[in-house]
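Single-letter residue listing:
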Amino acid sequence: GAQCVSLAQAFWTNYAGRGLSDCGTGAARGIWFCKDENAGDDFEIVEGSQNLQPGDWVVFNSGTWGHIAMVYDYPEGNYIPIYGENQGGKKCEAGGSQPNFIKLSDKTMLGAFRPKDYIKCDPLPIPESPDTGEAK
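Figured I'd write up the structure that's included with this text. Note that this is a predicted model, so its numbers are computed, not measured. (Residues numbered from 1 in each chain as written. Predicted model: local features only at pLDDT ≥ 70, side-chain atom pairs only at ≥ 80, totals over all residues. Heavy atoms only, no water.)

## Quick notes on the overall build of the protein
Heads up, the rule is: Put simply, DSSP marks the helices as runs of H or I at least four residues long and the strands as runs of E at least two long, and each gets a number from the N terminus on. With C-alpha atoms as the basis for the radius of gyration, the globule rule is written as 2.2 Å multiplied by the number of residues raised to the power 0.38. Each residue is placed in one exposure class: buried if its accessible area under a 1.4 Å probe, protein chains only, is under 20% of its type's maximum, exposed if it is over 50%, and partly exposed if it falls in between. Pairs of residues are marked as contacts when any of their non-hydrogen atoms sit within 4.5 Å. Computed with the Shrake-Rupley method and a 1.4 Å probe, the accessible areas treat only the protein chains shown as cover for residues. Within this scheme the basic residues Lys and Arg register as positive and the acidic residues Asp and Glu register as negative, but His and the chain ends are omitted. To locate a charge, take atom NZ for lysine, CZ for arginine, CG for aspartate or CD for glutamate.
In terms of helices and strands, the protein carries three helices and six strands. Overall, the protein shows an N-to-C arrangement of helices and strands of α-α-α-β-β-β-β-β-β. Relative to the 2.2 N^0.38 estimate, which gives 14 Å for 136 residues, the radius of gyration of the protein is 18 Å and therefore markedly larger than a compact globule would have. Residues classed as buried in the protein amount to 39% of the 136 residues present. Restricting to contacts in the protein with at least 6 residues of sequence separation, those with at least 24 account for 56%. As displayed, the protein has an accessible area near 8000 Å², and 51% of this comes from carbon and sulfur atoms. Each charge class in the protein was averaged separately, 11 positive and 18 negative side chains, and the resulting centres sit 8 Å apart.

Listed below in structure tokens is the structure:
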């Protein structure tokens, strides 16, 4: 079926070249229990919803199984704009529902994974005068 973890697994496989572990729980929230393993060298661990940026994968401790989805815009107050699977979209024949966009409360957020390729870097400062290589 189209489960939230299915979309995350597809991303991890394509981005990091490896799968995602739920720590043997069978639940999306279990992804956070193995956060160091799931982050590996490819993701930065993010705590706190106000630090989120588009492209982060956020894990929630809601419902029976928890939830995981990708952030598509900056948080709006206590709501996180997410793109995910099995979060109220059109039902799929094999179970779950198609990916869609929703805003979800940050109340049950456990944390997030930021792909290191998505980390914003400040540009290097432009020197005031050309560097001639001479010692000053």
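## Focus: the packing of aromatic side chains
Using the following cut-off: Any two rings among Phe, Tyr and Trp, with Trp reduced to its six-membered ring, count as a pair given centres within 6.5 Å; such a pair is stacked if its planes are under 30 degrees apart, edge-to-face if over 60, and tilted if neither.
Counted by the stated rule, this structure contains 14 aromatic pairs. The interplanar angle of 90 degrees and the centroid separation of 5.5 Å between the aromatic rings of Trp12 and Phe113 together place this pair among those described as edge-to-face. Of the two residues, Trp12 is situated in helix H1 (residues 4–16) and Phe113 in strand S6 (residues 109–115); the sequence distance between them amounts to 101 residues. Judged by its relative accessible area of 0%, Trp12 falls in the buried class. For Phe113, a relative accessible area of 0% corresponds to the buried category. Through successive ring pairs, a cluster of aromatic residues spans Phe11, Trp12, Tyr15, Trp32, Phe43, Trp57, Phe113 and Tyr118.

## Section: the nonpolar core
Side chains that are nonpolar tend, in soluble globular proteins, to be buried together. To keep it simple, the criterion reads: To form a nonpolar core, buried Ala, Val, Leu, Ile, Met, Phe, Trp, Tyr and Cys residues must be joined to one another through side-chain atoms within 4.5 Å.
Counting 17 residues, the largest nonpolar core has Trp12, Phe43, Trp57, Ile68 and Phe113 as the members making the most contacts within it. Elements with a contribution of two residues or more to this core: H1, helix H2 (30–33), strand S2 (57–60) and strand S3 (67–71). If one sorts the elements of this core by residue count, H1 sits on top with six residues. The contacts of Ile68, once residues within four sequence positions are left out, are Cys4, Val5, Ala8, Leu20, Ala28, Ile31, Trp57, Val58 and Val59. Counting 10 residues, the second-largest nonpolar core is a separate cluster that includes Phe60, Val71, Met109 and Ala112.

## Points about the sheet that holds S6
Going by this rule: Strands are labelled as partners when DSSP assigns at least two bridges between them. Under this scheme, a helix contributes an axis fitted over its contacting stretch, all axes are lines through C-alpha atoms, and angles between N-to-C directions fall in the 0 to 180 degree range.
Read across the sheet, six strands follow the order S1-S6-S2-S3-S4-S5 without closing on themselves; strand pairing throughout is antiparallel. The outermost strands of the open sheet, each flanked by one partner alone, are strand S1 (43–46) and strand S5 (100–105). Averaged over all adjacent pairs, the angle separating strand axes in this sheet is 35 degrees, with direction ignored. Bridge count for S1 against S6 is four bridges, and the pairing is antiparallel. When the bridges of S6 are listed, Glu44 appears paired with Arg114. Across the sheet, H1 lies against S1, S2, S3, strand S4 (79–84) and S6, angled at about 55 degrees from S3, the strand it touches most.

## Points about the environment of Gly89
When you line up the elements, Gly89 lands in the loop between S4 and S5. Remark: the alpha-carbon pair of Gly89 and Gly55, spanning 34 residues in sequence, is separated by 20 Å. If we ignore the near neighbours within four places in the chain, the residues touching Gly89 are Ser97, Gln98 and Asn100.

## Some thoughts on the pattern of salt bridges
The criterion, for reference: When a carboxyl oxygen of Asp or Glu lies within 4 Å of a side-chain nitrogen of Lys or Arg, that pair is called a salt bridge.
Under the definition given, this model contains five salt bridges. A salt bridge links Asp42 to Arg18; its shortest N-O distance comes to 3.1 Å. Taken together, the positions of Asp42 in the loop between helix H3 (35–39) and S1 and Arg18 in the loop between H1 and H2 put the pair 24 residues apart, joining distant regions of the chain. Residue classification places Arg18 among the partly exposed positions, given a relative accessible area of 24%. What you see here is one network of salt bridges that share partners, running through Glu44, Asp56 and Arg114.

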